[in-house]
Amino acid sequence: CPIRGREKEGHEHWVTCAALDAKFGVVYSGSLDRSVKAWDAYNGECLRTYVGHTDWVNGVHLFDDTLFSVSDDGHVRLWRIATLMDHNDTDDQIDVWEEHTSAIRGVVPCGQRLVTADASGTVKCWQMNDVIQMGSLSSVQSGVGVVTCVSAPYWENEAEGKMV
């Protein structure tokens, strides 16, 4: 799988998450090997390896031409996926959100927003198209537990700018 300076197929450790880009027929997978890989959904060929996380990748999500990955390193990384289709070999990383202080264990889309949850019990809400953090809350008392999954409902009224 294309990575700067070397060719490699497959992840080196367990796969922890995946997302499908049905429009382009690409599957993105995150792994305990700290990487995200793009795969051709039809022939299984590894197209690209995204490297930057320093710990396990726990979630991936697609939005427009951006791939979001979350990790135990506490960072949300944003990757440009349009370059994958252009076969461009430039750095694909767009941004890194470093506002979490613990391992990010959950990520879920909610309309134009992305919700992340970390091991300290903190949940953050991000505006994806503006790449800004909208808010943060602590869901559990310190030291009481770990957020391991998160769910966010989405209503069509929100998409139209109406609050329910």
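Residues numbered from 1 in each chain as written. Predicted model: local features only at pLDDT ≥ 70, side-chain atom pairs only at ≥ 80, totals over all residues. Heavy atoms only, no water.

## What to know about the pairing of strand S3 (residues 15-21)
Convention followed: Between any two strands, at least two bridges found by DSSP are needed for them to pair. Segments assigned H or I by DSSP are reported as helices when at least four residues long, segments assigned E as strands when at least two residues long, and all are numbered from the N terminus.
Examined bridge by bridge, S3 and strand S4 (residues 26-31) share 6 bridges and lie antiparallel to one another. Within S4, the position partnered with Ala-18 by the bridge is Ser-29.

## Focus: the sheet that holds strand S6 (residues 46-51)
What counts here: Convention adopted: a line fitted to C-alpha atoms gives each axis, helices being fitted over their contacting stretch, and angles between N-to-C directions are expressed from 0 to 180 degrees.
With respect to topology, 4 strands assemble into an open sheet ordered S3-S4-S5-S6, the strand pairing being antiparallel. The open sheet is flanked by S3 and S6, the only strands paired with a single partner. Recorded for the sheet is a direction-independent mean angle of 20° between the axes of neighbouring strands. Pairing between strand S5 (residues 35-40) and S6: 5 bridges, direction antiparallel.

## Overview of the environment of Val-123
This is how the line gets drawn: A 1.4 Å probe rolled over the protein chains alone gives each residue an accessible area, and that area as a share of the maximum for its type sets the label: buried under 20%, exposed over 50%, partly exposed in between.
Here Val-123 lies in strand S13 (residues 122-127). By relative accessible area, Val-123 is classed as buried at 16%. Placed 16 residues apart in sequence, Val-123 and Val-107 show a C-alpha to C-alpha distance of 9.6 Å.

## Brief notes about the packing of aromatic side chains
Stated precisely, the cut-off is as follows: Stacked, tilted and edge-to-face are the three classes applied to pairs of Phe, Tyr and Trp rings, where Trp contributes its six-membered ring and a pair requires centres within 6.5 Å; stacked means planes under 30 degrees apart, edge-to-face means over 60, and tilted covers the rest.
On inspection of all chains with the given rule, the structure shows 2 aromatic pairs. Ring centres of Tyr-28 and Tyr-50 lie 6.5 Å apart, and the angle between their planes is 45°; on these two criteria the pair is classed as tilted. In this pair, Tyr-28 is assigned in strand S4 and Tyr-50 in strand S6, connecting sequence segments 22 residues apart. Taken as a pair, Tyr-28 and Tyr-50 share a single burial class, namely buried. Among the aromatic residues, ring-to-ring pairing joins Tyr-28, Tyr-50 and Trp-79 into one connected group.

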